[in-house]
Amino acid sequence: MSLPARQQAVLDQIERILTAADPQLKSMFAAFARVASREAMPATEAISVRSPRRWTLLICIMVISLLSVGTVFAVATSRACQGLSSDQVASATVRYAACSKATDAWSKGGR
């Protein structure tokens, strides 16, 4: 591979600095190059593009799930106790008694 003169000069300077810093580095690199030259180069990795259908399916599943949870919540709360109006302040015992139609809690002075 041919490089412009300036880039080749920079690479040569880096090589001289590394050789001076570690004299065995050049021999270790040469040994590695001999071993690695026998190996095949890895294939170029291709990143596949995801299909828009996948995203559409995922969004549909999420919308259906949210609608299902909302429906379950609406059905569960529609059967909530109507024994006391929301503006009345009452303890949990009194609210439970009003919902379960148990009258013994009223006699305990809860109201």
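Residues numbered from 1 in each chain as written. Predicted model: local features only at pLDDT ≥ 70, side-chain atom pairs only at ≥ 80, totals over all residues. Heavy atoms only, no water.

Participant: Is there a simple way to think about the overall build of the protein in this case?
Facilitator: Summing up its helical and strand segments, the protein has four helices and zero strands in all. Starting at the N terminus and ending at the C terminus, the protein contains elements arranged as α-α-α-α. A total of 111 residues make up the protein; the buried ones form 5% of that total. (Helix = DSSP H or I, 4+ residues; strand = E, 2+ residues; numbered from the N terminus. Buried < 20%, exposed > 50% of the residue type's maximum accessible area, 1.4 Å probe, protein only.)

Participant: How should the layout of surface pockets be read in this particular structure?
Facilitator: Empty space among the atoms becomes apparent when a probe as large as a water molecule is rolled across them. Here the largest pocket defines a volume of roughly 190 Å³. Looking at the largest pocket, the residues that line it are I14, E15, L18, T19, D22, L25, K26 and F29. Take the lining of the largest pocket: its biggest share by element is four residues, from helix α1 (residues 5–21). Residues of the lining of the largest pocket, tallied by class, amount to four nonpolar, one polar and three charged. (1 Å grid on protein atoms, 1.4 Å probe; cavity = no way out; pocket = protein on both sides within 12 Å on 5 of 7 lines; lining within 4 Å. Points joined across faces, edges and corners; volume = space filled by probe spheres on them. Nonpolar A, V, L, I, M, F, W, Y, C, P; charged D, E, K, R; others polar.)

Participant: Teacher, can you tell me more about the confidence of the model for the protein here?
Facilitator: When pLDDT is low, close inspection of the predicted coordinates is not appropriate. Of the residues in the protein, 67% reach a pLDDT of 70 or more, and the chain-wide mean stands at 77. Taken element by element, the protein is modelled with least confidence in helix α4 (residues 92–100), mean pLDDT 64, and with most confidence in α1, mean pLDDT 91. (pLDDT = per-residue confidence, 0-100.)

Participant: Could you clarify how one ought to interpret a nonpolar patch on the surface in this entry?
Facilitator: Judged by side-chain polarity, V10, L11, I14, L18, L25 and M28 come together as a nonpolar surface patch covering roughly 490 Å² of accessible area. By residue number, the principal contributor to the nonpolar patch is α1, which donates four residues. Inspection of the secondary structure puts L18 in helix α1. The class for L18 is partly exposed, based on a relative accessible area of 43%. (Patch = residues over 30% accessible without salt bridge, like charges linked within 9 Å, V, L, I, M, F, W, Y side chains within 5 Å. Areas by Shrake-Rupley, 256 points an atom, 1.4 Å probe, with all protein chains shown as cover. Salt bridge = Lys/Arg side-chain N within 4 Å of Asp/Glu carboxyl O.)

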